[in-house]
Amino acid sequence: MDKDKSIIIGSDHAAYELKEKIKAYLIDKGYLVADAGTQSEASVNYVTYGKKVAKAVSNGQYLKGILLCGTGLGMSMVANRFANVRAALCSDIFSAKMSRVHNDSNILVLGGRIVGDVLAFELVQTWLDTGFEGGRHLERIQAIDN
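- The name an unreviewed UniProt entry gives the protein chain is Ribose 5-phosphate isomerase B, with Desulfobacula phenolica as the organism.
- The protein chain has a UniProt comment under Sequence similarities (unreviewed entry) that states "Belongs to the LacAB/RpiB family."

## Examining the packing of aromatic side chains
Next, step 1: Scanning the entire structure with this criterion turns up one aromatic pair.
Next, step 2: Ring geometry for Tyr 25 and Phe 121: centres 4.8 Å apart, planes at 5°, overall stacked. In this pair, Tyr 25 sits in helix 1 (residues 16–28) while Phe 121 sits in helix 5 (residues 117–129), placing the two residues 96 residues apart along the sequence.
Next, step 3: Look at Phe 121 and you get partly exposed, because its relative accessible area is 23%.
Next, step 4: Stacked on the ring of Tyr 31, the Lys or Arg Lys 5 has its end atom at 4.1 Å from the ring centre.
Next, step 5: The aromatic ring of Trp 127 is capped on one face by Lys 64, whose charged end is 5.4 Å from the ring centroid.

## Regarding the UniProt feature "active site" (unreviewed entry) in the protein chain
Next, step 1: With numbering matched to this structure, UniProt assigns "active site" (unreviewed entry) to Cys 69 and His 102. Of the residues just listed, which span 34 residues, the most distant C-alpha pair is 24.5 Å apart, and they do not cluster in one region.
Next, step 2: Note that Cys 69 resides in strand 3 (residues 65–69).
Next, step 3: The exposure class assigned to Cys 69 is buried, which follows from its relative accessible area of 4%.
Next, step 4: The residues contacting Cys 69, other than those within four sequence positions of it, are Asp 12, Ala 15, Gly 74, Met 75, Leu 110, Gly 111, Gly 112 and Arg 113.
Next, step 5: If you trace the backbone, His 102 turns up in the loop between helix 4 (93–101) and strand 5 (107–111).

Here is what the cut-offs are and how they apply
- Residues numbered from 1 in each chain as written.
- Predicted model: local features only at pLDDT ≥ 70, side-chain atom pairs only at ≥ 80, totals over all residues.
- Heavy atoms only, no water.
- UniProt positions renumbered as here; feature names shortened; annotations may be inferred.
- Phe/Tyr/Trp six-rings, centres within 6.5 Å; stacked < 30°, edge-to-face > 60°.
- Helix = DSSP H or I, 4+ residues; strand = E, 2+ residues; numbered from the N terminus.
- Buried < 20%, exposed > 50% of the residue type's maximum accessible area, 1.4 Å probe, protein only.
- Lys NZ or Arg CZ within 6 Å of the ring centre and 35° of its normal.
- Contact = heavy atoms within 4.5 Å.

Next up, the structure:
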């Protein structure tokens, strides 16, 4: 498995439709996408899917993940409880870019009821295309888990 072209994605029911669109977008771009669920719009507990994605990133199985729920708030809270996870809730391009440049975010979180398809695709692409600046920022993110 090429870890640079592999990504894990998960959502709750509120963002299921957007998750499916993002998954298709990523596959079209050549990514191998692991879908951690959910698989329908039937009501589910977002925590279950947030934990699946965050655990896979935390343990290094995947370098990057994407989580979605209605607002993105719940998924952010769940994911950031895991060691080595830096989940960034983004709803604008600048935040998506800076979450990578300064924070080396490894999970992008989106609100399915906040961002539309076109913006979501732009956020995902910006996030994937942007590298980590390192330097003084590396020391800062290392201090998170210490």
